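# Close look at the chain arrangement
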Amino acid sequence: MVKGDRAEWKAKYFVKMNRLLEEYPRIFIVGADNVRSKQMQQIRVSLRGIAEILMGKNTMMNKAIRTQLSSNPALEKLLPHIKGNVGLVFSKEDPVLVRDKLLENKVAAPARAGAIAPIDVIVEAQNTGMGPEKTSFFQALNISTKIAKGSIEIVSNVHLIHAGDKVGQSEATLLQMLNVQPFHYGLVVENIYDNGAVFAPEVLDITDEQLLGKFQLGLSNVASVSLEIGYCTQASVPHSIINGFKNVLAVAVETDISFPQADTIKAYLADPSAFAVVAAPVQAEAAAEETKEEVKEESEEESDDDMGFSLFD
């Protein structure tokens, strides 16, 4: 690429980057390690109509972002995260949808010597189909084997590679001999920018039920502290009103003070049996309904057992 063509390409890149920064409110910072060009093309196709991907040198991305800070200062929060082999995915859609689309486009890959393992690799107990002449290779890796039907059999599961460790040449060769592709590579969401806020992708897994549960727990704690120290808050007001009403009822019961709720309590304390009589018909009706259901079930069972035939037919 001659100097003039490169300058023109850079100018077009900055124009595109500026357009994307102005148009889209959400930006996914994605790691692109071990993603090949063919896989990247497939990812672009799957995101068509949902998001746009822009790759490039970190210095160029940082420069383009800085040119937009005058109109959108919040973009500065992106700069600390533009490091390593990363790209940007721009979208207006639900972040969960975009994240799931990216996860769908991971492909299996072999373990290459020198690569950092993203996950643990465990070789399961199995008959390898290899001849006895390969026994020394397994012994060098401290893998217990036996000869079964003329081939090497791994007798127990082996934790071959730990996550974060560098893959050795012997481990890579063994996995290749076993035809195992333990790793899956694709664009990995590292951080998400959404209308001025930057957060980790794990936030997308938080459900509404979890948020509601945390809010209710916090509200309960605020109400408890407020009641304990006698400081009135919106969280403690309902409890204070109920506790106050209980005190009023207690005073009314012990005195001649009268109001509808207190009169009901006084009547119950004077003759509890009257309330039991009122509740009895309801309980009797419920019991009658249960009896009817049991009789119906028994009749159905008898009908099923008979099947319409008699022993003397």
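This one's a predicted model, so the numbers in the text were calculated from it and none came from an experiment.

## Concerning the environment of I82
- Inspection of the secondary structure assignment puts I82 in the loop between α3 (58-67) and β3 (86-91).
- Separated by 25 residues in the primary sequence, I82 and K57 place their C-alpha atoms 9.5 Å from one another.
- Setting aside residues no more than four positions away along its own chain, I82 makes contact with N58, M61, N62, I65 and L88.

## Side note on the confidence of the model for the chain
- Residues with a pLDDT of 70 or more make up 86% of the chain, whose mean pLDDT is 85.
- For residues 303-313, every residue scores under 50 in pLDDT, and the model assigns this stretch zero contacts once sequence neighbours within four places are set aside.

## Concerning the pairing of β3
- A large share of β3 lies buried, amounting to six of its six residues.
- Covered by surrounding structure in β3 are V86, L88 and F90 together with G87, V89 and S91, the residues of both alternating faces.
- As paired elements, strand β1 (residues 26-31) and β3 share six bridges and run antiparallel to each other. When the sheet's bridge partners are listed, V30 is paired in β3 with G87.
- Examined bridge by bridge, strand β2 (residues 51-54) and β3 share four bridges and lie antiparallel to one another. Counted as the bridge partner of L54 is L88 from β3.

## Topic: unusual backbone geometry
- The backbone of N179 sits at a positive phi, close to 60°, despite the residue not being glycine.
- In this fold, N179 is placed in the loop between α6 (169-177) and β10 (183-185).
- The exposed category is assigned to N179, whose relative accessible area is 70%.
- The residue N195 is not glycine, and still its phi comes out positive at about 50°.
- Here N195 lies in the loop between β11 (188-194) and β12 (197-199).
- N195 sits in the exposed class, given a relative accessible area of 58%.

## Some thoughts on the pattern of salt bridges
- Applying the stated criterion across every chain, the model contains seven salt bridges.
- A salt bridge links E23 to R19, with the shortest nitrogen-to-oxygen separation between them at 3.0 Å. Of this pair, E23 and R19 both sit in helix α1 (residues 3-23), four residues apart, roughly one helical turn.
- A relative accessible area of 36% means that R19 is categorised as partly exposed.
- Salt-bridge contacts for R19 lead to E52; the nearest nitrogen and oxygen are separated by 3.3 Å. With R19 in helix α1 and E52 in strand β2, this residue pair connects regions lying 33 residues apart in the sequence.
- Residue classification places E52 among the partly exposed positions, given a relative accessible area of 23%.
- Residues participating in the shared-partner salt-bridge network are R19, E23, E52 and K92.

## What about the packing of aromatic side chains?
- Taken as a whole and judged by the stated rule, the model has five aromatic pairs.
- Aromatic pair F137 and F138: ring centres 6.2 Å apart, planes at 90°, arrangement edge-to-face.
- Looking at F138, the relative accessible area reads 0%, which means it is buried.
- Taken together, W9, Y13 and F14 form an aromatic cluster joined through their ring pairs.
- For the cation-ring pair, K92 lies above Y24, with the distance from its terminal atom to the ring centre recorded as 5.7 Å.

## Description of the sheet that holds strand β8 (residues 151-154)
- Read from one edge of the open sheet, three strands run β6-β8-β7, paired in antiparallel fashion. Two strands lie at the open edges of the sheet, namely β6 (126-127) and β7 (145-148), each paired on one side alone.

## Comments concerning the environment of D120
- By secondary structure assignment, the location of D120 is in the loop between β4 (107-109) and β5 (121-123).
- Residue classification places D120 among the partly exposed residues on the basis of a relative accessible area of 41%.
- Separated by 42 residues in sequence, D120 and H162 place their C-alpha atoms 4.5 Å apart.
- Those residues within four positions of D120 in sequence are excluded, and the remaining contacts are H159, I161, H162 and A163.

## What about the pairing of β1?
- In terms of burial, β1 is largely enclosed, as six of its six residues are buried.
- Residues of β1 alternate between two faces, with R26, F28 and V30 on one and I27, I29 and G31 on the opposite face, all of them buried.

## Considerations on a nonpolar patch on the surface
- A cluster of nonpolar residues, V203, I206 and L211, forms a patch on the protein surface that exposes about 250 Å² of accessible area.
- Note that L211 resides in helix α7 (residues 208-229).

## Here's the deal with the side chain of T135
- You can see T135 is positioned in helix α5 (residues 135-140).
- For T135, a relative accessible area of 19% puts it in the buried group.
- Contacts of T135, omitting those with residues within four sequence positions, involve T145, I147 and I152.

The rules behind these values
- Residues numbered from 1 in each chain as written.
- Predicted model: local features only at pLDDT ≥ 70, side-chain atom pairs only at ≥ 80, totals over all residues.
- Heavy atoms only, no water.
- Helix = DSSP H or I, 4+ residues; strand = E, 2+ residues; numbered from the N terminus.
- Contact = heavy atoms within 4.5 Å.
- pLDDT = per-residue confidence, 0-100.
- Buried < 20%, exposed > 50% of the residue type's maximum accessible area, 1.4 Å probe, protein only.
- Pairing = 2+ DSSP bridges.
- Salt bridge = Lys/Arg side-chain N within 4 Å of Asp/Glu carboxyl O.
- Phe/Tyr/Trp six-rings, centres within 6.5 Å; stacked < 30°, edge-to-face > 60°.
- Lys NZ or Arg CZ within 6 Å of the ring centre and 35° of its normal.
- Patch = residues over 30% accessible without salt bridge, like charges linked within 9 Å, V, L, I, M, F, W, Y side chains within 5 Å.
- Areas by Shrake-Rupley, 256 points an atom, 1.4 Å probe, with all protein chains shown as cover.

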